[in-house]
Amino acid sequence: MAPKCKTGCGKNAILKRPKTGDALCRECFFWAFETEVHNTVTAARLFRRGQYVAVAASGGKDSTVLAHVMKELNQRYDYGLRLVLLSIDEGITGYRDDSLETVKRNRDQYGIPLTVLSYEDLYGWTMDDIVKQVGLRNNCTFCGVFRRQALDRGAAQLGVDQIVTGHNADDIAETVVMNVLRGDIARLQRCTAISTGTEGSIPRSKPFKYTYEKEIVMYAYFKKLDYFSTECIYSPNAYRGYARAYLKDLEAIRATSIIDIIHSGESLAVRDAARLPTQGTCSRCQYISSQPVCKACVLLQGLNQGRPRLGIGKSSKVQERARETEGESGDRSEVDSATVTVGAG
Amino acid sequence: MQLTVEFSGGAELLFGNVKQHRVTLPDRGDGDSVWTMEGLLPWLRDNLLKERPELFMQGDTVRPGILVLVNDADWELLGQLSYKLQPDDTVVFISTLHGG
Ligand SMILES: [Zn+2]
Ligand SMILES: [Zn+2]
């Protein structure tokens, strides 16, 4: 039989918390989970009264739980926020169709308005069309780069003050490990920040920075929250790499590894003399970019010129190729800066 | 012994995309009819799983990242592999490895 709840409430425990090892009952777990997110949010002063906040909603477990908890905390602690769900439709038939249905149910269940923006609206291409051009080798590069900008562009269209994403402690620890392996000092410095985005871009924050994936999934399970889980049809098995498997192995040995890795990332100091890439703006779409032309614009140029491999590979080579071939044919829209106000306000 | 076994969070994809299964575990015939989680896991792999066994098990336990509950309690509270199954127990496997 399961042990009694650690709090002494008298009920049977249903979960062993990975962070502390405590055994908690259902109600005490809900309370602990929500209170910790609230403490994270208040300690980092993430929100100000009256702010308009977009919850990046994919229909998956993390963003579904985030939408639920944001609504809950906004009411319980009277944050005074106006919330909106923001979903990106990559245009993947049979994958995104189903998850968008999930987001629509979340909209109705939580009473939060929903805006859906498609890659086709933003870039002139659906992922289905892109896969027809580039095949199944580099399609995830396109999808990832476009998604990153799509959220910002969507947020700018909505006029929100900030975006919250469902990135959890496991995701952040994974990113720390990846950036160590790649030797990417600039990203390593930024990736543990709970809130990112300064001059010109809309801030993004991660209320689940210290929340374990296990607890998010258990919370969804015990609250019977409706989320969508399947593999992207274009990248079966690609959903997690070696870094994730490595982390999960570590967690099985010692559950606090996840938080320990985040703390290591946070306490990392870079010598003042180290040269870090400076953030500028893309000369074509004005989106923030460390290169003269942002990755999305280079990828788009390749697609529109029928040379989809243009934007794949080392960034120095890519920039060179993009410059050489610029203007060869300017047909379907580049990321259209006229319709977007990222960076302007 | 009969059990209900459920898969979700993407784990069902390995089991013919069926979320709930009613399974009957055979008597072991040696007078010892005790089934533990340690015995159940390879039995499910060999009798119910349809594809990619390496995404379900690693060594003699579930792949890290798959959560297990018995009668709605975290199996980490119940001794994990050593838990002795009772008739009509409900065992739930939830993958945390699919999509965010
Ligand atoms: Zn309790
Ligand atoms: Zn650009």
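Just so it is clear, the structure is predicted and the values come from calculations on it, not from any experiment. (Residues numbered from 1 in each chain as written. Chains lettered and ligands numbered in written order. Predicted model: local features only at pLDDT ≥ 70, side-chain atom pairs only at ≥ 80, totals over all residues. Heavy atoms only, no water.)

What to know about the coordination of the zinc ion (ligand 1)
Distances from the zinc ion (ligand 1) to its protein donors, namely Cys 5 of chain A (SG), Cys 9 of chain A (SG), Cys 25 of chain A (SG) and Cys 28 of chain A (SG), fall within the range 2.3 to 2.4 Å. If you look at the zinc ion (ligand 1), its four donor atoms make angles of 100 to 120° with each other, and the shape they trace is tetrahedral. (Donors = N, O, S within 2.8 Å, 3.2 Å for Na, K, Ca; no water. Tetrahedral: all angles 85-135°; square planar, octahedral: opposite > 155°, others 65-115°.)

Some words on the pattern of salt bridges
Residue and element names in this part refer to chain A. Taken as a whole and judged by the stated rule, the model has 32 salt bridges over all chains. Arg 147 is the partner of Glu 90 in a salt bridge, and the nearest nitrogen-oxygen pair spans 3.2 Å. In this pair, Glu 90 is assigned in the loop between strand 4 (82-89) and helix 3 (96-110) and Arg 147 in helix 6 (residues 139-158), connecting sequence segments 57 residues apart. Among the salt bridges present, the one from Lys 248 reaches Asp 170, with a minimum N-O distance of 2.8 Å. Residue Lys 248 is found in helix 10 (residues 242-253), and its partner Asp 170 is found in helix 7 (residues 169-182); the two are separated by 78 residues along the sequence. Taking the relative accessible area as the measure of exposure, Lys 248 reaches 5% and is therefore buried. Using a relative accessible area of 0% as the deciding quantity, one classes Asp 170 as buried. Salt bridges here are not isolated pairs; linked through shared partners, they connect Lys 61, Asp 62, Asp 170, Asp 171, Glu 174, Glu 213, Arg 244, Lys 248 and Glu 251. (Salt bridge = Lys/Arg side-chain N within 4 Å of Asp/Glu carboxyl O. Helix = DSSP H or I, 4+ residues; strand = E, 2+ residues; numbered from the N terminus. Buried < 20%, exposed > 50% of the residue type's maximum accessible area, 1.4 Å probe, protein only.)

Notes on helix 5 (residues 127-134) of chain A
Residues and elements named next belong to chain A. Where helix 5 is concerned, the buried positions are Met 127, Asp 128, Ile 130, Val 131 and Val 134. For helix 5, the arc enclosing every buried residue in end-on projection is 160°, short of the 170-degree limit, so these residues lie on one face. Where helix 5 terminates, the next one or two residues include Gly 135, which has phi positive at roughly 75°. (Arc of directions from axis to C-beta.)

Details of the sheet that holds strand 3 (residues 52-56) of chain A
Residues and elements named next belong to chain A. The six strands are arranged 5-4-3-6-8-7 in an open sheet whose pairing can be described as mixed. Because the sheet does not close on itself, it has two edges, and the strands there are strand 5 (114-118) and strand 7 (195-196). Relative to the sheet, helix 3 contacts strand 4 and strand 5, its axis offset from that of strand 4 by approximately 170°. (Pairing = 2+ DSSP bridges. Contact = heavy atoms within 4.5 Å. Axes fitted to C-alpha atoms, helices over the stretch in contact; angles between N-to-C directions.)

Examining the coordination of the zinc ion (ligand 2)
The zinc ion (ligand 2) binds to the protein through Cys 282 of chain A (SG), Cys 285 of chain A (SG), Cys 294 of chain A (SG) and Cys 297 of chain A (SG), with metal-donor distances spanning 2.3 Å. If you look at the zinc ion (ligand 2), its four donor atoms make angles of 106 to 112° with each other, and the shape they trace is tetrahedral.

Regarding helix 9 (residues 213-223) of chain A
All names here are of chain A. With respect to burial, helix 9 is a largely interior element, nine of its 11 residues being buried. Turning to helix 9, its buried residues number three or more, namely Glu 213, Lys 214, Glu 215, Ile 216, Val 217, Met 218, Tyr 219, Ala 220 and Phe 222. Directly beyond the C-terminal end of helix 9, a positive phi value near 55° is found at Lys 224.

A look at the packing of aromatic side chains
Residue and element names in this part refer to chain A. For the coordinates displayed, the defined rule picks out 18 aromatic pairs over all chains. Summarising the aromatic geometry, the rings of Phe 30 and Tyr 219 are spaced 5.4 Å apart at their centres and angled 75° between planes, so their arrangement reads as edge-to-face. Here Tyr 219 lies in helix 9 and Phe 30 lies in helix 1 (residues 26-43), a separation of 189 residues in the sequence. The residues Phe 30 and Tyr 219 share a single accessibility class, namely buried. On the numbers, 4.3 Å between centres and 20° between planes, the contact of Tyr 123 with Phe 146 is stacked. Taken together, the positions of Tyr 123 in helix 4 (residues 119-123) and Phe 146 in helix 6 put the pair 23 residues apart, joining distant regions of the chain. Across this residue pair, the class does not change: Tyr 123 and Phe 146 are buried. An aromatic cluster of three or more residues is present, and its members are Phe 29, Phe 30, Phe 33, Phe 208 and Tyr 219. Over the ring of Tyr 52 we find Arg 82, and its NZ or CZ is 3.8 Å from the ring centre. Above the ring of Phe 30, the side-chain terminus of Lys 223 is found at 4.3 Å from the ring centroid. (Phe/Tyr/Trp six-rings, centres within 6.5 Å; stacked < 30°, edge-to-face > 60°. Lys NZ or Arg CZ within 6 Å of the ring centre and 35° of its normal.)

A short note on the interface of chain B and chain A
Contacts between the two partners involve 24 residues from chain B, matched on the other side by 29 residues from chain A. At the junction of chain B and chain A, the tally comes to two salt bridges. Here Asp 74 of chain B ties to Lys 214 of chain A by a salt bridge, and the two come within 2.7 Å at their closest N and O atoms. Inspection of the chain B/chain A interface yields seven residue pairs in polar contact (both at pLDDT 80 or more). Put simply, the parts of the chain that give the side of chain B that touches chain A at least two residues each are strand 5 (66-70), strand 6 (73-74) and strand 7 (90-95) of chain B. Residues belonging to the side of chain B that touches chain A are distributed by class as follows: 11 nonpolar, eight polar and five charged. (Polar contact = N/O pair within 3.5 Å; in protein donor to acceptor, adjacent residues only side chain to side chain. Nonpolar A, V, L, I, M, F, W, Y, C, P; charged D, E, K, R; others polar.)

Looking at the side chain of Arg 96 of chain A
All names here are of chain A. In this fold, Arg 96 is placed in helix 3. A relative accessible area of 8% places Arg 96 in the buried class. Polar side-chain contacts of Arg 96 include one of 2.5 Å to the side chain of Glu 90. Side-chain polar atoms of Arg 96 contact the side chain of Ser 99, separated by 2.7 Å.

Read these as geometric descriptors, not functional statements.
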